[in-house]
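Read off the chains here:
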Amino acid sequence: MKKLFLLLVLVGITFLSCSDNQESNFVSSNSKFDLSSPGHLYASKLINGETGDELILNQTFIDSSGREIVIYARLRVLENSFPGSTTISMIPNVEDLSIKLLPDMNFNRSVRLDLSFSGINLEEFGYTTTGTYDFAFFAVNGDVELIDSDISHANLSQNEIKVLNAKLNHFSRYGWIR
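Residues numbered from 1 in each chain as written. Predicted model: local features only at pLDDT ≥ 70, side-chain atom pairs only at ≥ 80, totals over all residues. Heavy atoms only, no water.

With the rule as written, the count across this model stands at 7 aromatic pairs. Here the aromatic rings of Phe 107 and Phe 171 are separated by 4.8 Å at their centres, their planes lie at 75°, and the arrangement is edge-to-face. With Phe 107 in strand 7 (residues 106–118) and Phe 171 in the loop between strand 12 (160–170) and strand 13 (173–176), the pair connects residues that are 64 residues apart, well separated along the chain. For the pair Phe 107 and Phe 171, one class covers both residues: buried. Between Phe 137 and Tyr 174, the ring centres sit 5.8 Å apart and the planes meet at 50°, which makes this aromatic pair tilted. Residue Phe 137 is located in strand 9 (residues 135–138), and its partner Tyr 174 is located in strand 13; the two are separated by 37 residues in the primary sequence. Among the residues examined, Phe 137 registers a relative accessible area of 13% and is labelled buried. A connected cluster of aromatic rings, assembled from ring pairs, spans Phe 117, Phe 135, Phe 137, Tyr 174 and Trp 176. (Phe/Tyr/Trp six-rings, centres within 6.5 Å; stacked < 30°, edge-to-face > 60°. Helix = DSSP H or I, 4+ residues; strand = E, 2+ residues; numbered from the N terminus. Buried < 20%, exposed > 50% of the residue type's maximum accessible area, 1.4 Å probe, protein only.)

To continue, consider the confidence of the model for the protein. The predicted coordinates should not be examined in detail at positions where pLDDT is low. Mean pLDDT for the protein: 83, with 78% of residues reaching 70 or above. Counted against residues more than four places away or in other chains, residues 1–38, with its pLDDT under 50, gives 48 contacts. (pLDDT = per-residue confidence, 0-100. Contact = heavy atoms within 4.5 Å.)

Quick look at the sheet that holds strand 10 (residues 144–146) now. Read from one edge of the open sheet, 6 strands run 2-5-6-13-9-10, paired in antiparallel fashion. Two strands bound the open sheet, and with one partner strand each, they are strand 2 (43–48) and strand 10. Within the sheet, the average angular offset between the axes of one strand and its neighbour, ignoring direction, is 25°. The pairing of strand 5 (residues 85–93) with strand 6 (residues 98–102) spans 5 bridges and is antiparallel. Looking at the pairing, Pro 92 lines up with Ile 99 of strand 6. (Pairing = 2+ DSSP bridges. Axes fitted to C-alpha atoms, helices over the stretch in contact; angles between N-to-C directions.)

It is possible for side chains bearing opposite charge to pair when their charged atoms get close. Under the criterion given, the structure shown has 8 salt bridges. Residues Arg 76 and Asp 114 are paired through a salt bridge, measuring 3.7 Å at the closest nitrogen-oxygen approach. On the criterion of sequence distance, the pair formed by Arg 76 in strand 4 (residues 68–77) and Asp 114 in strand 7 is long-range, its members being 38 residues apart. Taking the relative accessible area as the measure of exposure, Asp 114 reaches 10% and is therefore buried. Through salt bridges with shared partners, a single network forms among Glu 54, Arg 74, Arg 76 and Asp 114. (Salt bridge = Lys/Arg side-chain N within 4 Å of Asp/Glu carboxyl O.)

Now the structure itself:
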């Protein structure tokens, strides 16, 4: 219980420190997500790393320009990925098309991530062509580590970028390289 409380406080502080105070209208497609802080989406779940489990975020909202944005994230924790149980959180960021995964931890077996952002004008983010883009881990010190996946693709005409079956060996911040 103390770990959950501390995690929620940490997430709250992170949200407050990154808030740009823009109002957004959210349409929740799943009531288990806390939308009390406008502009911030996340999903959390207590996961047993010995038996495995999954955490899903499937969220639709209307941005400040009236565009419908859909964020889908599915994290699959494979059996024996880590010892014991831990509350895992996913925090997608529509402002830079990234996702933060908490808590910081390493895995015995890689966990798998599917992530997509739809309804996004990818050209506003610097994407110039439809095609394959590298999905990567971004370290605080600026280092970048490419992540193996089955598909990492942007489709400008469909306003979608996605990665399927990204193999993560640790948690941190992930996104695409343009």
